[in-house]
Amino acid sequence: MTIASLRRSAHATVSGLPQGFWWLWLSTLVNRTGAFVLTFLSLYLTSELGHSAWFAGLVVALHGLGGVAGSPLGGVLTDRWGRRPTMVTMHLAAAACAGALAVVTSAWGVALVVLLMGVAMQAVRPSINATIADMVPADDVRRAYALNYWALNLGFAVASIAGGAAAVLGYRTLFVVDAVATTLCAVIVFLRLPETRPEKAPAKAGEKPADERVSMLDVLRDAPFRTLVLLNLLVCVVFTAPWIGLPLTMAEQGLSPSSYGMVIAVNGIVIVGFQLLVNKVTERRSPVALLAVSSLLFAVGTGATALAGSAVAFAATVVVWTIGEMVHVPTNAAATARLAPEHARGRYQGVMGMSWAVAGFIAPVLAGAVVDGPGSDVLWAGTFALGVLAAVGYTVRLRRALCEEEPEEPGAPEVPASETVAGPGPEARAPEGTDGTVSPAPAERSPASSS
């Protein structure tokens, strides 16, 4: 592939998206470039405040626990209050928490602030994902999610490098910079990002408005979406396990912590360097096929960790499951947007985000227990099995919901729009438009996206 062809591919990847998306992309980049709290929190708690490693692990877990509550909260606020006010409020709340860490020193005070920070940081994500689904044409949704994910990882890479160099100024200084960056992110959203929440359709006599008809329980009753969430939970457990199990396994092999640092850095390097190329290769592919392939890449990459014996071999396993990550994250977000009724996108993204938060809370505990008990080989065999199970589940359970459209019979009567009811179930996915008519569901807008 020549430089010219690479340039054309890159241009095609970033072209054709609305201006509002790029302001959102910039806010994500700014936010993650200053994201120092989670990166350096455990070191701050142990080396600066003198707490035990056990307490540091507990505080990090509390951040994940806060996300379990924050994700559905953010989903409800996104649909009822609006995308823009939810983003601004939660960014400012996260900034306040980052700033508070610079002055709070008591053990349980720090724990409470980190818990609230987890709520705020996770609550903003449904509004971001719903905004992308609102403003980007259905054909380009997966590409937009991939670009936003690239910005997130690019910012995180910069934060890791800059934070390490700036740590000489003190951890509290880093937390203040984090607060400033998050506030700037909120300012960008407030000044430049339009509100994209769809207008409410006029309610018929005796009926509630559409957005009030969909509760979190209704979302969970949507069988295809519930399956997507459960399968994503399996994948998230597999994805999270290496962040705990990999350093322990490498230590068993006699490798130093610095070797682990270099190996895990491969994850960010591969994402920053190749996310756009992966997106170009996977565009227009079947979402079910991509989800299944990404699950298999997670399975093979993590499972092969049991066979690795050198830093180079461990790095190779990281490359494999990182490719799975680059395929899975935007595809899963786009699949969520596709299954969600227009007026309930925030709630659907909130429930999906909760699966990530739950995995982030339970997977470290499970991985540590398995390594301490049966051993690391059992952990990697388990992640391999879970990844394969998820791949089979995507293929068997979601093919019809995500990409197989029933062909219309020649001469079949057309169903009047007035007989189509919007709702959160697989039988009625078409959201109501702002003029009271029924607009096509995401799955129906683009035959190309179902290929």
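For the structure itself, consult the block above.
It should be emphasised that the depicted structure is a prediction, and the values quoted were computed from it without experimental measurement. (Residues numbered from 1 in each chain as written. Predicted model: local features only at pLDDT ≥ 70, side-chain atom pairs only at ≥ 80, totals over all residues. Heavy atoms only, no water.)

Q: Describe the overall build of the protein chain, with residues and values.
A: For the protein chain, the helix and strand inventory stands at 17 helices and zero strands. Out of the 451 residues in the protein chain, the part that is buried amounts to 51%. Intrachain contacts of the protein chain at a sequence separation of at least 6 include 83% that bridge at least 24 residues. By element, 67% of the accessible surface of the protein chain is carried by carbon and sulfur atoms, the whole surface being about 19600 Å². (Helix = DSSP H or I, 4+ residues; strand = E, 2+ residues; numbered from the N terminus. Buried < 20%, exposed > 50% of the residue type's maximum accessible area, 1.4 Å probe, protein only. Contact = heavy atoms within 4.5 Å. Areas by Shrake-Rupley, 256 points an atom, 1.4 Å probe, with all protein chains shown as cover.)

Q: Provide a residue-level description of a nonpolar patch on the surface, including the pertinent values.
A: A contiguous nonpolar patch, built from L65, F361, I362 and L366 and spanning about 300 Å² of accessible area, is present on the exposed surface. In terms of residues, the nonpolar patch owes the most to one element, helix α14 (residues 345-372), which gives three residues. Inspection of the secondary structure puts L65 in helix α4 (residues 53-80). (Patch = residues over 30% accessible without salt bridge, like charges linked within 9 Å, V, L, I, M, F, W, Y side chains within 5 Å. Salt bridge = Lys/Arg side-chain N within 4 Å of Asp/Glu carboxyl O.)

Q: How would you summarise helix α10 (residues 223-252) if you had to cite specific residues and measurements?
A: End to end, α10 covers 43 Å across 30 residues, agreeing with the expected 44 Å (1.5 Å per residue, within 8%). At G245, α10 shows its largest bend, some 40 degrees, and a proline, P247, comes one to four positions later. (Expected span 1.5 Å × (residues − 1). Bend = angle between axes of the 7 residues up to and from the residue.)

Q: For unusual backbone geometry, give the residues involved together with the corresponding values.
A: Positive phi outside glycine occurs at R284, with the angle close to 70 degrees. The exposure class of R284 is partly exposed, given its relative accessible area of 39%.

Q: Please give an account of the packing of aromatic side chains that cites residues and values.
A: Counting across every chain of the model gives twelve aromatic pairs. For the ring pair F225 and Y348, a centre distance of 4.5 Å and an interplane angle of 45 degrees mean the geometry is tilted. Taken as a pair, F225 in helix α10 and Y348 in helix α14 lie far apart in primary sequence, 123 residues in all. Across the pair, exposure class does not vary: F225 and Y348 are buried alike. Of the aromatic side chains, those joined through ring pairs into one cluster are F239, W243, F298, W321 and W356. (Phe/Tyr/Trp six-rings, centres within 6.5 Å; stacked < 30°, edge-to-face > 60°.)

Q: A description of the environment of L43 should follow, citing residues and the corresponding values.
A: Within the element layout of this structure, L43 appears in helix α3 (residues 37-48). In this structure L43 comes out as partly exposed when scored by relative accessible area, which is 42%. Those residues within four positions of L43 in sequence are excluded, and the remaining contacts are E48 and Y171.

Q: So what about helix α15 (residues 376-397)? Which residues, and what values?
A: Counted at 1.5 Å a residue, the expected span for α15 with its 22 residues is 32 Å, and the 31 Å between its end C-alpha atoms agrees. Looking at the buried side of α15, the elements it contacts are α10, α12 (287-303), α13 (311-339), α14 and α16 (399-402).

Q: An account of the side chain of Q275 is needed here, citing residue identities and associated values.
A: With respect to the helices and strands, Q275 occurs in helix α11 (residues 257-282). In this structure Q275 comes out as buried when scored by relative accessible area, which is 1%. With near-sequence residues (within four places) excluded, Q275 lies in contact with A146, Y149, W150, V270 and M326.

Q: How would you explain the packing of α4 against helix α6 (residues 107-135) if you had to name every residue and give the values?
A: Running from amino to carboxyl end, α4 crosses α6 at an angle of 35 degrees, the nearest separation of the two axes being 6 Å. Relative to α6, α4 is oriented so that their crossing is right-handed. Class assignment of the residues belonging to the contact of α4 with α6 gives a composition of 17 nonpolar, eleven polar and no charged. (Axes fitted to C-alpha atoms, helices over the stretch in contact; angles between N-to-C directions. Left-handed = near helix turned anticlockwise from the far one by under 90°. Nonpolar A, V, L, I, M, F, W, Y, C, P; charged D, E, K, R; others polar.)

Q: Break down the pattern of salt bridges for me, with residues and values.
A: A complete count under the given rule lists eight salt bridges for this structure. For E283, the salt bridge identified is with K280, shortest N-O distance 3.1 Å. Since its relative accessible area comes to 27%, E283 is described here as partly exposed. By relative accessible area, K280 is classed as partly exposed at 28%. Put simply, D79, R83, D134, R345 and R347 are held in one network by salt bridges that share partners.

Q: Can you break down the side chain of T322 residue by residue, with the values?
A: Structurally, T322 is set in helix α13. The exposure class assigned to T322 is buried, which follows from its relative accessible area of 0%. In this view, T322 contacts N267, V270 and I271; residues no more than four positions away in its chain are not counted.

Q: Quick rundown of the nonpolar core? Include the residues and the values.
A: Within the largest apolar cluster, 44 residues are counted, with the highest numbers of intra-cluster contacts made by F225, L228, L246, V263, Y394, L398 and L402. Listing elements by their share of this core, those giving two or more residues are α10, α11, α12, α13, α14 and α15. (Core = buried A, V, L, I, M, F, W, Y, C linked by side-chain atoms within 4.5 Å.)

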